[in-house]
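Inside the fold
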Amino acid sequence: MEMASISSSPRTVEEIFKDYSGRRAGVVRALTYDVDEFYKLCDPAGKLSDKEKENLCLYGHPNETWEVTLPAEEVPPELPEPALGINFARDGMNRKDWLSLVAVHSDSWLLSAAFYLGARLNRNERKRLFSMINDLPTVFEVVTERKPIKDKPSVDSGTKSRVSTKRGNEGQVKSNPKLAAEESYEEEEDEHSETLCGSCGGNYNADEFWIGCDICERWFHGKCVKITPAKAEGIKQYKCPSCSLKRSRQ
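Criteria and cut-off values
- Residues numbered from 1 in each chain as written.
- Predicted model: local features only at pLDDT ≥ 70, side-chain atom pairs only at ≥ 80, totals over all residues.
- Heavy atoms only, no water.
- Helix = DSSP H or I, 4+ residues; strand = E, 2+ residues; numbered from the N terminus.
- Buried < 20%, exposed > 50% of the residue type's maximum accessible area, 1.4 Å probe, protein only.
- Contact = heavy atoms within 4.5 Å.
- Areas by Shrake-Rupley, 256 points an atom, 1.4 Å probe, with all protein chains shown as cover.
- Polar contact = N/O pair within 3.5 Å; in protein donor to acceptor, adjacent residues only side chain to side chain.
- Salt bridge = Lys/Arg side-chain N within 4 Å of Asp/Glu carboxyl O.
- Disulfide = S-S within 2.5 Å.
- Core = buried A, V, L, I, M, F, W, Y, C linked by side-chain atoms within 4.5 Å.
- Pairing = 2+ DSSP bridges.
- Axes fitted to C-alpha atoms, helices over the stretch in contact; angles between N-to-C directions.
- Parallel < 35°, antiparallel > 145°, perpendicular 65-115°, else oblique.
- Left-handed = near helix turned anticlockwise from the far one by under 90°.

Quick look at the overall build of the chain now. Looking only at helices and strands, the chain has 9 helices and 6 strands in total. Across the 250 residues of the chain, 37% fall into the buried class. Put simply, of all contacts in the chain between residues at least 6 apart along the chain, 60% involve residues at least 24 apart. Total accessible area on the chain stands at roughly 15,100 Å², and carbon and sulfur atoms take up 49% of it.

Here it is as structure tokens:
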């Protein structure tokens, strides 16, 4: 079985994502295009001993291949192990349900392997890695032919977001164009991807309240600057903590 050595393990976000994508492609192939072959290899009545049969694993490799085999003998293994004994319940379940169960466990393994390799990444790099992974359908979604459900911002009337409003100099509330609900989730994600909180540096999240500074025009999580939606309604011109401090020194 192909094992990754620690010395040659991927180190950058891009390298880890490439490793993840290759392993994911191999698992997806096993559970879709090569599903009949995969199903036969997991036959509980195979030639292996009862003990060995219970411990078969589905591995995806970085070169987009897959393998059904016994777990690594070394303890601890160089990479987290996939679910053990996937063949044990094969004949006790509906085929479709069994494949779905293997897919769910495979998603968990792929994520654990990716973040094991990314143990030395910093906070922002881990966030970027997960974002890249999250843009792909899960193995479970592919196997069950489900389309990923993407949440849209909460809305009052169906056209404007309830959160993330900004007041102009005249005291009128105006919606931030970046934070208005779009026709599709994909377009919205593209527009919001560069919006960062001026306080914590976190990415835009449609489920959180944001407020924009009328002086520097940066955006902030309401919780980061201690402003609630109710409090924002009474503010004619919002100044972030940094701009307020600068004005007080002048």
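Let us keep going from here.
On to the environment of Glu208. Relative to the helices and strands, Glu208 is located in the loop between α7 (185-192) and β5 (210-212). Along the sequence, Glu208 and Lys223 sit 15 residues apart, while their C-alpha atoms lie 8.8 Å from each other. Here His221 takes part through its side chain, which lies 3.2 Å from a polar atom of the side chain of Glu208. A distance of 3.1 Å separates polar atoms of two side chains, one belonging to Glu208 and the other to Lys223.

Attention shifts here to the pattern of salt bridges. In total, this model carries 7 salt bridges according to the counting rule given. Between Asp36 and Arg95 there is a salt bridge, with its nearest N and O atoms 2.8 Å apart. Separated by 59 residues along the polypeptide, Asp36 in helix α2 (residues 35-41) and Arg95 in helix α4 (residues 95-117) bring together distant segments of the chain. Within the structure, one salt-bridge network assembled from shared partners comprises Asp43, Arg90 and Asp91.

A few words on the state of the cysteines. Scanning all chains against the criterion turns up 0 disulfides. Residue Cys213 stays outside any disulfide, its sulfur separated by 3.6 Å from that of Cys216, the closest cysteine. You can call Cys213 buried: its relative accessible area is 0%. The thiol of Cys240 is unpaired, and the distance to the nearest cysteine sulfur, on Cys243, comes to 3.6 Å. In this structure Cys240 comes out as buried when scored by relative accessible area, which is 0%.

Before going further, it helps to spend a moment on the nonpolar core. One finds Leu31, Phe38, Leu58 and Val139 to be the most contacted residues of the largest nonpolar core, which totals 34 residues. Contributions of two or more residues to this core are made by α1 (13-31), α2, β1 (57-60), β2 (66-69), α4, α5 (123-134) and α6 (139-143). Of the residues forming this core, the biggest block, 9 residues, is contributed by α4. Setting aside residues no more than four positions away along its own chain, Val139 makes contact with Arg24, Val27, Val28, Leu31, Ala103, Asp107 and Leu110. The next biggest cluster of nonpolar side chains, apart from the first, holds 16 residues, and it includes Cys197, Tyr204, Phe220 and Ala232.

Relative to β2, β1 runs antiparallel, the two sharing 4 bridges. Considered in β2, the bridge of Leu58 is made with Val68. With antiparallel pairing between neighbouring strands as the criterion, β1 and β2 make up a hairpin whose turn holds 5 residues, including Glu64 at a positive phi of roughly 70 degrees.

Before going further, it helps to examine the packing of α4 against α5. Direction vectors running N to C along α4 and α5 enclose 150 degrees, while the axes themselves pass 11 Å from each other. Classified by the angle between their axes, α4 and α5 sit roughly antiparallel to one another. Crossing of α4 against α5: the hand is right-handed. Facing Leu111, Ala114 and Phe115 of α4, the residues of α5 in contact are Arg126, Leu129, Phe130 and Ile133.

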